[in-house]
Amino acid sequence: MRANFGFKGNRLTGHLGSARLEQRIRRTEYALCVLAATALSFSGIYSTMSAFFFILAAVGLIALRPIDNARVLLVFALLLALPLLAIASTVWSDAPSRTLRAGMQLFITFAAAIILAKRCPPELLIGTLMVSVMVIGIQIMPYVPDTLANGYPLRGPLGSKNALGFTAQLGVLLSFATLLNPEMPRPLRIAALIFLPYFFWLINLSQSAGSLTSTAIFLFVFFSSLALGRFPMTVRWTATVIMLVVIAVLYPYLADLSESLAGAGTQALGKDTTLTGRTMLWRVAEDFASRRPMLGYGYGSFWRQGYVEAEALWRAFGIRSRMGFNFHNEYIEMRVGLGVVGMGLLIATNVGIFLLSIYRQLTTPSVTIAFFLALQTAFYARTFAEDGLVAPFSETTVLWIASAAYCAMWSPQARTSIAAAAQRMKLPREALRRVRDARMPRRT
């Protein structure tokens, strides 16, 4: 006679099958998340291939849970307002086909970043990026001797000192986020400790003033937010309010302050303090944007071959490839493409994400949220002298949007519920074992 454990045959089999299917889906999602993060990391070296694998991973993630992912995108609809405006600008764009393509690519990037944050634990994302950046750092090593010999900025396989400086900066940020998080694997933490001084050295060799400045800002915000988490809640809120008031007062002068900081960095590196002609670029962009102030010329419609204004700037700055150039200011770039409406929407998105991250770190402080908050601050510091915060298949864009999604939904309470769900998934295995044991013939 079989023992009765309260399970009916079909119900038990169905429950076990669902649990196994869920486990397989979860493993597949983690593998796709690793693929997406790795592809993003190598976008500066293998741009086309990286974009292909990133899209492939994003499509795979969406296909595994299409209905759930659609609901996630609806929840974070506000984050999609900017790419939707970019797509809508096809209507008034000077280059409609180009704008439509760029807008769709931007929407895919934003949507993939949100789904990535939903399906990928932050430690997995940070660990994957850490390993990828270490691999890139090893690839850069053969280029170092020539840089030391001639004194030129280190570009390496990335082909740009700013791109290399950003990669090294990201390595510094990820190293600290890995080292100080006890949940990260010990071998990875040891590797981060070894690579940390190397990444600092690469930033210096790149001679990128923007990377130096934004790295300093990141370290200040990261360690300040971690230290603030040890104080009582009243002290945290008081210090945060004071900081926000200071930012509000200095905001009208933030562009000048950022330029001054970058200028100081270029002087320290022995470079020209004119920011390689960016002020001239900004004057041209200001004159150009004033002709269509409200909605701009269409997202991604300015920098295209055959357009007189773009050709003139490429010629003036000696850009023979006639591609890969920008206004070196995210807000000016946005104003030209999407006008005052687009620039205002970008600022509102930045402020909303920043305040949400501050709130999350104040209420549930952690190393992970401190990392995302500091990373956002470093990104925002670069927007006044660099472009790339809002760009299709950009590592910066994905990390920016993903950090917002993480801060909105990834908290200690959420992790507790996920751990409980994982524990519940183990119960069917235990039930199956007991049923199997009950079916074994008893010895008499």
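Rules used in this analysis
Residues numbered from 1 in each chain as written. Predicted model: local features only at pLDDT ≥ 70, side-chain atom pairs only at ≥ 80, totals over all residues. Heavy atoms only, no water. Helix = DSSP H or I, 4+ residues; strand = E, 2+ residues; numbered from the N terminus. Buried < 20%, exposed > 50% of the residue type's maximum accessible area, 1.4 Å probe, protein only. Contact = heavy atoms within 4.5 Å. Axes fitted to C-alpha atoms, helices over the stretch in contact; angles between N-to-C directions. Parallel < 35°, antiparallel > 145°, perpendicular 65-115°, else oblique. Left-handed = near helix turned anticlockwise from the far one by under 90°. Nonpolar A, V, L, I, M, F, W, Y, C, P; charged D, E, K, R; others polar. Core = buried A, V, L, I, M, F, W, Y, C linked by side-chain atoms within 4.5 Å. Phe/Tyr/Trp six-rings, centres within 6.5 Å; stacked < 30°, edge-to-face > 60°. Expected span 1.5 Å × (residues − 1). Salt bridge = Lys/Arg side-chain N within 4 Å of Asp/Glu carboxyl O. Patch = residues over 30% accessible without salt bridge, like charges linked within 9 Å, V, L, I, M, F, W, Y side chains within 5 Å. Areas by Shrake-Rupley, 256 points an atom, 1.4 Å probe, with all protein chains shown as cover. pLDDT = per-residue confidence, 0-100.

Peer 1: Can you walk me through the overall build of the protein in this structure?
Peer 2: Looking only at helices and strands, one finds 18 helices and 0 strands in the protein. Looking at the protein as a whole, 48% of its 444 residues qualify as buried. In the protein, 75% of the contacts between residues at least 6 apart in sequence involve partners at least 24 apart.

Peer 1: Whenever I open this one, the packing of helix 16 (residues 367-382) against helix 17 (residues 395-409) confuses me. Can you help?
Peer 2: Geometry of a packed helix pair, given as the angle between the helix axes and the separation of the axes. Viewed as axis vectors pointing N to C, helix 16 and helix 17 meet at an angle of 140°, and their least axial separation amounts to 10 Å. As summarised for this structure, helix 16 and helix 17 are arranged oblique, according to the angle between their axes. Of the two elements, helix 16 crosses helix 17, and the hand of that crossing is left-handed. Seen from helix 16, the contacting residues are I369, F372, L375, Q376, F379 and Y380; seen from helix 17, they are T396, L399, W400, S403, A404, Y406 and C407. Considered class by class, the residues forming the contact of helix 16 with helix 17 number 10 nonpolar, 3 polar and no charged.

Peer 1: What exactly am I supposed to notice about the nonpolar core here?
Peer 2: A general trend in soluble globular proteins is that nonpolar side chains are found buried together. Residues F199, L202, F371, V390 and W400 are the most contacted members of the largest nonpolar core, which totals 100 residues. Contacts of V390, omitting those with residues within four sequence positions, involve L82, L106, F110, Y299, E330, M334, L346, T397 and W400. Listed in part, the 15 residues of the second largest apolar core include W282, F288, F302 and F325.

Peer 1: Just to check I follow, could you spell out the packing of aromatic side chains for this structure?
Peer 2: Given two aromatic rings, their pairing is described by the distance between the two centres and the angle made by the two planes. Under the criterion given, the structure shown has 20 aromatic pairs. Each ring, one from F218 and one from F222, has its centre 5.4 Å from the other, and the planes form 10°; the classification is stacked. Remark: F222 and F218 occur in helix 10 (residues 209-228); sequence separation between them is 4 residues, near one turn of the helix. Residue classification places F222 among the buried positions, given a relative accessible area of 0%. Both rings, one in F371 and one in F372, keep their centres 5.4 Å apart while their planes meet at 55°; by these two values the pair is tilted. Taken individually, F371 and F372 each receive the classification buried, so the pair is uniform in this respect. Connected via pairs of aromatic rings, a cluster forms that spans F176, F218, F222, F223, F371, F372 and Y406.

Peer 1: Can you help me understand helix 16 in this one?
Peer 2: An α-helical segment advances 3.6 residues per turn. Residues three or four places apart therefore align on the same side. For helix 16, with 16 residues, the first-to-last C-alpha span of 23 Å sits near the 22 Å given by 1.5 Å per residue. Counting buried residues along helix 16, 15 of its 16 residues qualify, which places the element largely inside the surrounding structure.

Peer 1: Which parts of the structure should I look at to understand the pattern of salt bridges?
Peer 2: This structure, assessed with the given rule, holds 9 salt bridges. The residue R26 makes a salt bridge to E22 at a minimum N-O spacing of 3.4 Å. Separated by 4 residues within a single helix, R26 and E22 lie in helix 1 (residues 9-41), roughly one turn from each other. A residue is classified by how much of its surface remains accessible, and E22, at 23% relative accessible area, is partly exposed. Close ionic contact of D94 with R292 constitutes a salt bridge, the shortest N to O distance being 3.0 Å. Of this pair, D94 sits in the loop between helix 4 (81-88) and helix 5 (96-119) while R292 sits in the loop between helix 13 (278-289) and helix 14 (308-316); the two residues are 198 residues apart in sequence, bridging distant segments of the chain.

Peer 1: Even after reading the chapter, I still don't get the side chain of S394, so can you show me in this structure?
Peer 2: In this fold, S394 is placed in the loop between helix 16 and helix 17. Looking at S394, the relative accessible area reads 14%, which means it is buried. If near-sequence neighbours (up to four positions away) are discounted, S394 is found in contact with L40, T109 and G388.

Peer 1: Sorry, what's going on with helix 4 here?
Peer 2: Looking only at helix 4, the buried set comprises L82, P83, L85, A86 and I87. Residues of helix 4 that are buried sit in contact with helix 5 and helix 15 (330-363).

Peer 1: Which parts of the structure should I look at to understand unusual backbone geometry?
Peer 2: Excluding glycine, most residues fall at negative phi; most peptide bonds, likewise, are trans. Located in the positive-phi region is F393, a residue other than glycine, with phi close to 55°. Note that F393 resides in the loop between helix 16 and helix 17.

Peer 1: In this structure, what is going on with a nonpolar patch on the surface? I would like to understand it.
Peer 2: A surface patch of nonpolar side chains, amounting to about 510 Å² of accessible area, comprises Y46, M49, F52, F53 and L56. Within the secondary structure, L56 sits in helix 2 (residues 47-64).

Peer 1: Would you explain the packing of helix 10 against helix 16 in this entry?
Peer 2: Where helix 10 contacts helix 16, the axes come no closer than 8 Å and their chain directions differ by 150°. The angle between helix 10 and helix 16 falls in the class roughly antiparallel. Note on packing geometry: the crossing formed by helix 10 with helix 16 is right-handed. Residues G210, S211, S214, I217, F218, V221, F222, S225 and L226 of helix 10 lie in contact with helix 16, whose contacting residues are V367, A370, F371, L373, A374, L375, T377, A378, A381 and R382. Split into classes, the residues belonging to the contact of helix 10 with helix 16 amount to 13 nonpolar, 5 polar and 1 charged.

Peer 1: Help me understand the confidence of the model for the protein, please; the structure alone is not making it clear to me.
Peer 2: Low pLDDT means the predicted atomic positions in that stretch should not be read closely. For the protein, the mean per-residue pLDDT works out to 80, and 81% of the residues sit at or above 70. Averaged pLDDT values over the elements of the protein bottom out at 45 in helix 18 (residues 412-439) and peak at 94 in helix 4. A low-confidence stretch, residues 424-429 (pLDDT under 50), is modelled with 9 contacts involving residues beyond four sequence positions or located in other chains. Under a pLDDT of 50 for its full length, residues 435-444 has, in the predicted model, 4 contacts with residues more than four places off or in other chains.

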